[in-house]
Amino acid sequence: MEINEEHLLHMKEFERNQKWFIENFKRILDEYREKFVAVWNQRIIDADTDLKRLSKDVKKKIKSAKGVYVGYVSKKPIEMIL
């Protein structure tokens, strides 16, 4: 797969959104605890306990979900093995 300028822009947006999530984690912990949150343009655009439903709703809200960061808000650390 070739990475073009558009892919790089989406990757940079994803990184900005991820960084925002990490930097604001303590602030959003109480309101979004035990939920998945979708971050786009460095703000939360939706949250849900169900990841599939959140993904569907985000795709309805914005035409292109490229660059959206989805994180899980939990007081306990979560490890994922992919």
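Residues numbered from 1 in each chain as written. Predicted model: local features only at pLDDT ≥ 70, side-chain atom pairs only at ≥ 80, totals over all residues. Heavy atoms only, no water.

Draft legend 1. Inspection of the sheet that holds strand E1 (residues 35–40) at higher detail. With respect to topology, three strands assemble into an open sheet ordered E2-E1-E3, the strand pairing being antiparallel. This sheet does not close on itself; its edge strands, each paired only once, are strand E2 (43–48) and strand E3 (69–73). On average, adjacent strands in this sheet sit at an angle of 30° to one another, irrespective of strand direction. For E1 and E2, the ladder comprises five bridges, and the chain directions are antiparallel. Considered in E2, the bridge of Val37 is made with Ala47. (Pairing = 2+ DSSP bridges. Helix = DSSP H or I, 4+ residues; strand = E, 2+ residues; numbered from the N terminus. Axes fitted to C-alpha atoms, helices over the stretch in contact; angles between N-to-C directions.)

Draft legend 2. Molecular detail of the nonpolar core. Membership of the largest hydrophobic core is limited to 10 residues, which are Trp20, Phe21, Ile28, Leu29, Tyr32, Val37, Val39, Ile44, Tyr69 and Val73. Broken down by secondary-structure element, the contributors of at least two residues to this core are helix H1 (5–23), helix H2 (25–32), E1 and E3. Ranked by residues supplied to this core, first place goes to H2 with three residues. Listed in part, the seven residues of the second largest apolar core include Phe36, Ile45, Leu54 and Val58. (Core = buried A, V, L, I, M, F, W, Y, C linked by side-chain atoms within 4.5 Å. Buried < 20%, exposed > 50% of the residue type's maximum accessible area, 1.4 Å probe, protein only.)

Draft legend 3. Region of the structure containing the environment of Asn17. With respect to the helices and strands, the residue Asn17 is situated in helix H1. Separated by 52 residues in sequence, Asn17 and Tyr69 place their C-alpha atoms 5.7 Å apart. Apart from residues lying up to four places away in sequence, Asn17 is in contact with Val39, Trp40, Asn41, Gln42, Gly67, Val68 and Tyr69. Separated by 3.2 Å, the side chain of Asn17 and the backbone nitrogen of Asn41 make a polar contact. (Contact = heavy atoms within 4.5 Å. Polar contact = N/O pair within 3.5 Å; in protein donor to acceptor, adjacent residues only side chain to side chain.)

Draft legend 4. Up close: the confidence of the model for the chain. Residues at a pLDDT of 70 or more form 91% of the chain, whose mean pLDDT is 89. Mean pLDDT across the secondary structure elements of the chain bottoms out at H1, with 92, and peaks at E2, with 97. (pLDDT = per-residue confidence, 0-100.)

Draft legend 5. Molecular detail of the packing of aromatic side chains. Here the structure, examined in full by the defined rule, presents four aromatic pairs. Between Phe14 and Tyr69, the ring centres sit 5.3 Å apart and the planes meet at 65°, which makes this aromatic pair edge-to-face. Here Phe14 is found in helix H1, whereas its partner Tyr69 is found in strand E3, with 55 residues between them in sequence. The exposure class of Phe14 is partly exposed, given its relative accessible area of 33%. Each ring, one from Phe21 and one from Tyr69, has its centre 5.3 Å from the other, and the planes form 50°; the classification is tilted. With a gap of 48 residues between them, Phe21 in helix H1 and Tyr69 in strand E3 connect regions that are remote in the sequence. One aromatic cluster in this structure is built from Phe14, Phe21, Phe25 and Tyr69. (Phe/Tyr/Trp six-rings, centres within 6.5 Å; stacked < 30°, edge-to-face > 60°.)

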